[in-house]
Amino acid sequence: MEVIRITVRGTNCYVLRAQGGSLLIDPGPPGGEARIVDFLNRRGITGQEIRLILVTHAHLDHYGAASNVQSWSGAPIGCHPESVSLSQDARQAIPPAQTLRGSLVRWISLLLAPLRPHPPLRADVILPPGTELGSYGVDGRLVAVPGHSPDSLALISAEGDAFVGDLIINYSVPSQPLYQWNRDAWQQSRRLLASIQPRTVYVGHGEPFPGQQMDRILPARYQLGWWIR
Ligand SMILES: [Zn+2]
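Residues numbered from 1 in each chain as written. Predicted model: local features only at pLDDT ≥ 70, side-chain atom pairs only at ≥ 80, totals over all residues.

Visitor: Teacher, can you tell me more about the packing of helix 1 (residues 33-42) against helix 3 (residues 66-73) here?
Guide: Angle between the axes and distance between the axes: these two values describe a pair of packed helices. Where helix 1 meets helix 3, the axes come as close as 9 Å, and the angle between the chain directions of the two elements is 35 degrees. Both helix 1 and helix 3 take part in a crossing whose hand is right-handed. Across the interface between the two elements, Glu33, Ile36 and Val37 of helix 1 pack against Asn68, Val69 and Trp72 of helix 3. A class-by-class count of the residues in the contact of helix 1 with helix 3 yields 4 nonpolar, 1 polar and 1 charged. (Axes fitted to C-alpha atoms, helices over the stretch in contact; angles between N-to-C directions. Helix = DSSP H or I, 4+ residues; strand = E, 2+ residues; numbered from the N terminus. Left-handed = near helix turned anticlockwise from the far one by under 90°. Contact = placed C-beta atoms within 7 Å. Nonpolar A, V, L, I, M, F, W, Y, C, P; charged D, E, K, R; others polar.)

Okay, here's the thing in structure tokens:
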């Protein structure tokens, strides 16, 4: 299986290209579709090849371009059972932050939320944790990894790679996400992912990293640029 990463304004979109078809994970922020479509077209990947558009969790920077990517591809949009309703609640848009600077960003965003359009997620298929994705052409399954958000899903491929959304970020070192809905749930999800012993961990923000590094996930403040507590 080939893994293609397209970064759109800081969010990673992945295309998993397998014999049976391709799966697109996290179409990215609103307006990002042009970059994704252009990138894939140049690599000879057609919209028809995409069998599923998977949203790892209902944050706008991950699903904002979903409808427009779907217009190009025609593939169904799939998500966790709670994602659609969570996307309709602006207060869920940014979970509580782990640093002072993150908290400031969050409060300013919440204050400005009524002024900004927040298109909700629209989904065609509901994909509960445990769903096997073979019918979409890619050998893998979905695992619940709540913590950053209640509805976080990870895709574990048959080859042992993990696509984890915002469970972990890796701008400089693999670390906790700056924003967390529930820290205890996050710890459980981290332990679950470590127990799976993934080969490579593909994150929603930053660089993929080897699964061996799962044993040492640092607090969010260790990210370069986010060190102010
Ligand atoms: Zn998120």
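Visitor: What exactly am I supposed to notice about the pairing of strand 8 (residues 153-157) here?
Guide: Sheet faces and side chains relate simply in a regular strand, where the side chains alternate between the two faces. The element strand 8 is extensively covered by neighbouring structure, given that 4 of its 5 residues are classed as buried. Two elements, strand 7 (residues 140-144) and strand 8, share 5 bridges in a ladder whose sense is antiparallel. Bridged to Leu142 within strand 8 is Leu155. Hairpin remark: strand 8 followed by strand 9 (residues 162-163), antiparallel, with 4 residues in the connecting loop; positive phi at Gly160, about 95 degrees. (Buried ≥ 20, exposed ≤ 12 C-beta atoms within 10 Å, placed from the backbone. Pairing = 2+ DSSP bridges.)

Visitor: Teacher, can you tell me more about the sheet that holds strand 11 (residues 209-210) here?
Guide: An order of 7-8-9-10-11 is seen for the 5 strands of this open sheet, with the pairing classed as mixed. Edge positions in the open sheet fall to strand 7 and strand 11, since each of these has one partner strand only. Two elements, strand 8 and strand 9, share 2 bridges in a ladder whose sense is antiparallel. Pairing of Leu155 across the sheet is with Phe163, part of strand 9.

Visitor: Where do I start with the nonpolar core in this structure?
Guide: Note on soluble globular proteins: their nonpolar side chains tend to be buried together. Membership of the largest hydrophobic core comes to 57 residues, with the highest contact counts inside it found for Leu23, Leu24, Ile53, Ala154 and Val164. Looking at which element gives the most residues to this core, the answer is strand 2 (residues 11-18), with 5 residues. Setting aside chain neighbours within four positions, we find Ile53 in contact with Leu24, Pro27, Ala66, Val69, Gln70, Ser73, Ala75, Pro76, Ile77 and Gly78. (Core = buried A, V, L, I, M, F, W, Y, C linked by C-beta atoms within 7 Å.)

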